[in-house]
Amino acid sequence: MSAVPRTHAVLRLIAFAVAASCALSAFGGELKPWSGGATPPLALRDLQGREHRLADYSGKVVLLNFWATWCEPCREEMPAMQRLADKLAGKPFAVIAVDFGEGAPRIQEFLKKLPVRFTVLLDRDTSAANAWRVKVLPTSLVIGPDRRIRYSVIGDLEWDSPAVEEAIRKLLPPG
Amino acid sequence: MDRRSFLKAGALVPATAMPKLAFAQSEFNPRQAEKWRMFEVTTRVEILVPGGTTRVWLPIPSVDSGYQKTIDNAWSGNAQVAKLVYDGKYGAGMLYAEWPDSVNAPAIELYSRFATRDRAVDFASRPASVEKLSAGEREFYTEPTEHMPTDGIVKKTAQDITIGASTDYQKAKAIYEWIVENTFRDPKTRGCGVGDIKTMLETGNLGGKCADLNALYVGLARASGLPARDVYGVRVAKSQFGYRSLGAGTANITRAQHCRAEVYLAGFGWVPVDPADVRKVVLEERAQPTTLSDPVVQAVRPKLFGAWEMNWLAFNTANDIALPNAQSGKLTFFMYPQAETAAGRVDSLDPDNFKYTMTAKEISA
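Here the residue numbering is sequential within each chain, running from 1 through the sequence in written order. Throughout, the order in which chains and ligands are written sets their labels, letters from A for the former and numbers from 1 for the latter. Note on the predicted model: pLDDT of at least 70 is required for a residue's local features to be given, and 80 or more for side-chain atom pairs to be given and counted; whole-chain, interface and lining totals, by contrast, use all residues.

**Examining the overall build of chain B**
So, step 1. Going along the chain from the N terminus, every DSSP run of H or I of four or more residues is numbered as a helix, and every run of E of two or more is numbered as a strand. Helix and strand counts for chain B stand at nine helices and 16 strands.
So, step 2. The exposure scheme places C-beta atoms from the backbone and then counts, for each residue, the other C-beta atoms within 10 Å of its own, assigning buried at 20 or more, exposed at 12 or fewer, and partly exposed in between. A buried classification covers 47% of the 365 residues belonging to chain B.
So, step 3. When contacts within chain B are restricted to residue pairs at least 6 apart in sequence, long-range pairs at least 24 apart make up 73% of them. Here the contact rule is simple: place C-beta atoms from the backbone, and any two residues whose C-beta atoms are within 7 Å are in contact.

Spelled out as structure tokens, the structure:
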């Protein structure tokens, strides 16, 4: 019972890596223009129990980010998200971070170690993540002031980089 | 043994002191064992924030086989309803408990006794008799599940992995080796899959919390036409081979859940595999992550295809399970305590706030 010949195994691995890297670049770590259809609804509660609806943010650019405390790349991009929010303070821009499936106590303990000032919502039964077809954490959607999704990002992103900030600024309503 | 007799059995005979294992590993070599080891796992649940009707589901040992036998389950607590129930599709058993709104401090403790013995397949010789799979069982263990599709990229990857393999053994081994090799690639995009093996393959994130490598094994095996299944459970004791990463370091096993996999091979029956544990040795056996070429890894890699050390309790093989009387949706798998209150499902991955603790001890017959 011999193993598959080594040469073939190596070639297959290389071929897979090439194919996988193409697939990966299609996913992101970059802002990808949205072509995925209509914007799903969103209505979730924050850690204080207040309900937030996406409709309440009409007129603003929204960075909607799905994350979890156990997701390392999610944790690592949060400071950049906060820096972006700080740079755009006073502008019609909001960051909404939707936690995937976790309870309030765990999220609160996490936020004590990594405090953020943007809105955190709880998607306890992951129904919102399902509605938004989230399969990877983090997944982010950039939504325009007209509530149409403009960009999606699969994986973490350097949110306060000049290129990303510029793309977000271009979506802001005038005035 | 009925519940009262079990609880009245008095103090359990304590385990004889286990020989102290040095942290240096001995040869990792689980062998097909004759002698059974007996264990008891205690799960204690206290719902810290009840509300409305509180419900709890605790997995019990539900795999009776040549390597594990259930001895008994008993419980104590202040539940209004407490009974053993079984899922109809997989036979996954659980203690179901329910409390009305009037109970301020719902609590329950489950004691599960079972016996295990190491299992190992000798691929050099065919066993005299092998468990047969019916056509229905073969279909059951090759079909896709909600989080384990077997088409698209899963099928394509399986085909690529098994090209040139002509026997079930060769296919199963090729998939095993591929997972062991490929989980160490650095992904271009950093993200964590939420349980769908298709997404795991698409993102290339095959490590840590982000992936269930044994589910990936099962999915690829099924896509290759090999019956395969995940087996969900919890580590209950140290490894007798001295591998820290392959055992429960203390009696507290609250966070020691682990799932393994089996693949059905013609001529050998159900074969135990655990490529995820090979990766665990790479990441955690040394003070710093090591590589596949490290002797401690090389010692386990071939053995974890075909053998399991049974310092581990198998709960069940259930996928996409709907818990009886649950208001929430299906679970991808069931190896953690589960609970619901009027506020919805309690976070089963947060034992400190759920709250639950699990402990294990080995007992003498």
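**Focus: the domain arrangement of chain B**
Residues and elements named next belong to chain B.
So, step 1. Under the domain assignment used here, chain B contains domain 1 (26-117 + 316-363) and domain 2 (122-314).
So, step 2. Start and end positions for the domains come from either an automated domain assignment or a database one. Here domain 1 and domain 2 have C-alpha centroids that lie 24 Å from each other.
So, step 3. The interface is formed by 31 residues belonging to domain 1 together with 33 residues belonging to domain 2.
So, step 4. Elements represented by at least two residues in the side of domain 1 that touches domain 2 include exactly strand S1 (37-46), strand S6 (107-116) and strand S16 (356-363).

**Quick look at the pairing of strand S11 (residues 269-273) of chain B**
Residue and element names in this part refer to chain B.
So, step 1. Counting buried residues along S11, four of its five residues qualify, which places the element largely inside the surrounding structure.
So, step 2. Pairing between two strands requires that DSSP report at least two bridges joining them. With five bridges connecting them, strand S10 (residues 257-265) and S11 associate as antiparallel partners. Note on S11: the bridge partner recorded for Ala261 is Val273.
So, step 3. Linking S10 to S11, which pair antiparallel, is a turn of three residues; within it Gly267 sits at a positive phi near 90°.

**Description of the sheet that holds strand S8 (residues 139-143) of chain A**
All names here are of chain A.
So, step 1. Strand order across the open sheet formed by eight strands is S1-S9-S8-S4-S5-S6-S2-S3, with mixed pairing between neighbours. Strands at the two margins of the open sheet, each flanked by one partner only, are strand S1 (32-33) and strand S3 (51-53).
So, step 2. Two strands pair when backbone bridges link them, and strand S4 (residues 61-67) and S8 are joined in this way by five bridges, in the antiparallel orientation. Across the sheet, the residue bridging to Leu64 is Leu141, located in S8.

**Remarks on the sheet that holds strand S9 (residues 228-235) of chain B**
All names here are of chain B.
So, step 1. Read from one edge of the open sheet, four strands run S11-S10-S9-S13, paired in antiparallel fashion. Each edge of the sheet is formed by a strand with only one pairing partner; in this case those strands are S11 and strand S13 (312-316). Strand-to-strand twist across the sheet, computed as the mean angle between neighbouring axes with direction ignored, equals 40°.
So, step 2. Pairing of S9 with S10, which is carried by seven bridges, proceeds in the antiparallel orientation. Each residue of the ladder has a partner; that of Asp230, found in S10, is Ala261. Here an angle of 0 to 180 degrees is reported between the N-to-C directions of two axes, which are lines fitted to C-alpha atoms, with helices fitted over the stretch in contact.

**Points about the packing of helix H6 (residues 213-223) of chain B against helix H7 (residues 275-284) of chain B**
Residue and element names in this part refer to chain B.
So, step 1. Where H6 contacts H7, the axes come no closer than 7 Å and their chain directions differ by 145°. The chirality of how H6 crosses H7 is right-handed. Side by side, H6 and H7 meet where Leu213, Asn214 and Tyr217 of the first sit next to Pro275, Ala276 and Arg279 of the second.
So, step 2. Classifying every residue of the contact of H6 with H7 by side-chain character gives four nonpolar, one polar and one charged. In this scheme the crossing of two helices becomes right-handed for a clockwise turn of the near helix relative to the far one and left-handed for an anticlockwise turn of less than a right angle. Gly is placed with the polar residues, together with every amino acid not listed as nonpolar (Ala, Val, Leu, Ile, Met, Phe, Trp, Tyr, Cys and Pro) or charged (Asp, Glu, Lys and Arg).

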